[in-house]
Structure formats: C-alpha cells, structure tokens
Amino acid sequence: MAAQSVKLGYDTGKITVADKIKLFASRNGALIGLIILCIALSFVAPAFLSAPNLLNVGIQAATVAILAFGQTFVIVAAGIDLSVGATAAVSSMLVAYTGANMGLPAWLTIIVGLLAGAAFGACSGMMNAFLRLPSFIATLAMMSVARGLTLVISDGRPISTSEMVNFFGGTLAGIPVPIIMMVIMGIVASIILNFTTIGRSMYAVGGNMEASRLSGISVHKTQIMVFVLSGIFAAVAGLVIAGRLHSAQPQAADGYEMDAIASVVIGGASLSGGKGKISGTFIGAILLAVIRNGLNIMNVSSFWQKVVIGLVIAFAVSFDTLRRKVDTH
C-alpha cells in the first residue's frame, strides 16, 4: 500500500499538457502574439505576406532591433538607457562631419562614430556607477547632451555621407543591408549575453547587486560596460539610418529609445533586471514593425498609430509588472 501511495503521489505530481501549454505561452507570449497578428493581417491585407512587404518590415525593424539589442544589456543589468536614439544621431553626425569637413577616410570616420557611441555610453555608465545617479537620470542627461551636440556639429542641417556609409542602407546580393546588420548584431549580442563573463555578470548584477558584489563581481565595471555596449550598438544603428538616408540628420532616431525599451520588455525582459534574452528582443522589435506596417496597410492615420504604439508599450510594461507580482507570490 505504501508503494502504491508513493506511486499515486508521483503520478498526481506530473506536469499535464495544459500546464506545458501555459508555461510555453507565458515564456513565448510575444512570439504567439506575432504569429496571431501575422495571420490576421494576411486575411485583412493579402499583400502583407508578399516578399517586398516582408522585406520592408525587416528594414523597418532593423534600426530599432539593433538599438534594442544594446538596450537589452542595460535592462538585464537592472538599468535603462534613454540616450540610445540621441547617441545614434550624434554618432552618425560625427561620421558624416569628419568625412565631409575634415577629410578623414571613410573607414576611419566609421571608427570615430563607434568610438563616440562607446564614449557616450561610458559617460552614462560612470555617472550611474560612481556618482550613484539612477540610470534614468544619467541617460536622460546624456540624451540632452547628445542631441545638443548633434545640432551644434551640424548647425541644424543634414550632412551628406560617404559611399561606404551609404552601403549600410543599400543591398547585398538582393538582401537589404539593414536586415543583414540586424542579424549580425543580434548574433553578436547573443554571444555576449550568453557566452561571456560580462554577460553572466549582467544577469547577476540585475538579479541581486549586493550578492554579486559579495561574490566578487565588479559591479561598477559591469554597470559601465553595459552602457558602453549600448552606445556601440546605438552607433551601429546610426550608421544604418545614415546609410538609408545618404546623410546624417540632426533629428535622426528621435523617439526610438521608447521603441527600443518596448521591444526588450515585449520580448520578455524584466525592468527590474536579471531577466531577458536577445531572441525575445528580436521578436519584440519585429512585432512593433509588423504593427506599424499593418496600420499603414490599413491606411490608419499616423496620429492614431502613435496612440496604438503607446498602448502597446503601456500593456507590455503593465504585463511585466503583473508578472513580477505573480512571481513574488
């Protein structure tokens, strides 16, 4: 009888199919939502699934996705970066300015842009780590500085970019380069987050900063590195934007920081830190691009599109808050 009761207890403790479905849905909500949305749009507008339109969705998602990959590092480490859009703009502006006004070789201007992104990220990280400023405040300040410098450098006017920079907005073997860059940067971000010491430190610091410090992890170094990486990814996004426009624009990537944050949260990351993955961020960025594309196909006013995207962001953040409350109980 004892053996039978043990067996019965084991059987009743098995995970049912319904439990597995619920677990899959909770972990892959963004993917399920994306699939449902694509199916719905294919009925509403058959042209949605056409190859040209899907490539257009990929191009629209590319810049936000690259920004969001960098943002993922920061959010996993329990921070937030409001300066990514401005960093993308100032980096691309420096690339164009050093080429057009200073005569630097095109390859060197690109390095200048990447270094600028890293420098702005480092400033945010040091304010967060050493001055103990909340990341929200530190990056808000850097956003203002970057936007101001963009206008100072350009005098409020666009600056033409070199052919090498324009390549980032072109095509390669029939595939749009922005999509190629999105895939490459996604792979790089995934490797950093999952297979490096700094990636493991991000999860540790975001999960419990004090425990990380006691276990020997350099919290300050981690805090600085996540913002440096975010700045570099923002600079790459700036190159893609400039390449598509064949010029550096003073107001480039304006407001993109919100889409980047939303992509990370929609993809399953927690704003409290310690949780997030690049694949989820990628799906979140694609989901936002599909929503915008679908609204365009249905001829929805751009004013209403902002309302819809705002509601999606609010829902994503609310869902994250609810999920955290459930996890703590």
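Draft legend 1. Spatial organisation of the overall build of the protein chain. A count of helical and extended segments in the protein chain gives 15 helices and four strands. At 22 Å, the protein chain has a C-alpha radius of gyration in line with the 20 Å of a compact globule built from 329 residues. For the protein chain, the spread of C-alpha atoms along the three principal axes comes to 90 × 55 × 35 Å. The proportion of buried residues among the 329 residues of the protein chain is 46%. Long-range contacts, defined here as pairs at least 24 residues apart, represent 77% of the contacts in the protein chain between residues at least 6 apart. When the accessible surface of the protein chain is summed, it comes to about 16000 Å², and 70% of that surface belongs to carbon and sulfur atoms. Taking the 19 positively charged and 11 negatively charged side chains of the protein chain as two groups, their mean positions are separated by 7 Å.

Draft legend 2. Inspection of helix α9 (residues 177-195) at higher detail. Helix length check: α9 (19 residues) gives 26 Å between terminal C-alpha atoms against 27 Å at 1.5 Å per residue, within 8%. Among the residues of α9, Val177, Pro178, Ile179, Met181, Met182, Met185, Gly186, Ala189, Ile192 and Leu193 are the ones counted as buried.

Draft legend 3. Looking closely at the nonpolar core. In terms of nonpolar packing, the biggest core is built from 71 residues, with Ile66, Phe69, Phe73, Met202 and Ile266 touching the most fellow members. Counting residues per element, the ones that place at least two in this core are α3 (29-44), α4 (51-76), α5 (84-100), α9, α12 (219-245), α13 (256-266), α14 (278-297) and α15 (302-328). A per-element tally of this core places α4 first, with 14 residues. Apart from residues no more than four positions distant in its own chain, Phe69 is found in contact with Met182, Met185, Gly186, Ala189, Phe233, Ile278, Thr281 and Phe282.

Draft legend 4. Highlighting the packing of aromatic side chains. Across all of its chains, the model carries two aromatic pairs by this definition. Relative to Phe233, the ring of Phe73 lies with its centre 5.5 Å away and its plane at 80°, an arrangement referred to as edge-to-face. Of the two residues, Phe73 sits in helix α4 while Phe233 sits in helix α12, which places them 160 residues apart along the sequence. A relative accessible area of 0% means that Phe73 is categorised as buried.

Draft legend 5. Structural context of unusual backbone geometry. Backbone geometry places Asp155, a non-glycine residue, at a positive phi of 60°. Unusually for a residue other than glycine, Ala173 sits at a positive phi of about 55°. The class for Ala173 is exposed, based on a relative accessible area of 78%.

Draft legend 6. Representation of the pattern of salt bridges in the model. Using the criterion set out here, one finds three salt bridges in the structure. A salt bridge links Asp155 to Arg157, with the nearest nitrogen and oxygen atoms 3.3 Å apart. Overall, the relative accessible area of 53% leaves Asp155 in the exposed class. A salt bridge links Arg292 to Asp259, with the shortest nitrogen-to-oxygen separation between them at 2.7 Å. Of this pair, Arg292 sits in helix α14 while Asp259 sits in helix α13; the two residues are 33 residues apart in sequence, bridging distant segments of the chain.

Draft legend 7. Just the layout of surface pockets, in detail. The space that makes up the second largest pocket amounts to roughly 370 Å³. In this structure, the second largest pocket is lined by 20 residues; those nearest its centre are Gln60, Thr63, Val64, Arg244 and Tyr256. Secondary structure elements with two or more residues in the lining of the second largest pocket: α4, α12, α13 and α14. Within the lining of the second largest pocket, the residues separate by chemical class into 11 nonpolar, five polar and four charged.

Basis of the calculations
- Residues numbered from 1 in each chain as written.
- Predicted model: local features only at pLDDT ≥ 70, side-chain atom pairs only at ≥ 80, totals over all residues.
- Heavy atoms only, no water.
- Helix = DSSP H or I, 4+ residues; strand = E, 2+ residues; numbered from the N terminus.
- Rg over C-alpha atoms; globule rule 2.2 N^0.38 Å.
- Buried < 20%, exposed > 50% of the residue type's maximum accessible area, 1.4 Å probe, protein only.
- Contact = heavy atoms within 4.5 Å.
- Areas by Shrake-Rupley, 256 points an atom, 1.4 Å probe, with all protein chains shown as cover.
- Lys, Arg positive; Asp, Glu negative; His and termini not counted.
- Charge placed at Lys NZ, Arg CZ, Asp CG, Glu CD.
- Expected span 1.5 Å × (residues − 1).
- Core = buried A, V, L, I, M, F, W, Y, C linked by side-chain atoms within 4.5 Å.
- Phe/Tyr/Trp six-rings, centres within 6.5 Å; stacked < 30°, edge-to-face > 60°.
- Salt bridge = Lys/Arg side-chain N within 4 Å of Asp/Glu carboxyl O.
- 1 Å grid on protein atoms, 1.4 Å probe; cavity = no way out; pocket = protein on both sides within 12 Å on 5 of 7 lines; lining within 4 Å.
- Points joined across faces, edges and corners; volume = space filled by probe spheres on them.
- Nonpolar A, V, L, I, M, F, W, Y, C, P; charged D, E, K, R; others polar.

Geometric values such as these leave the question of function open.
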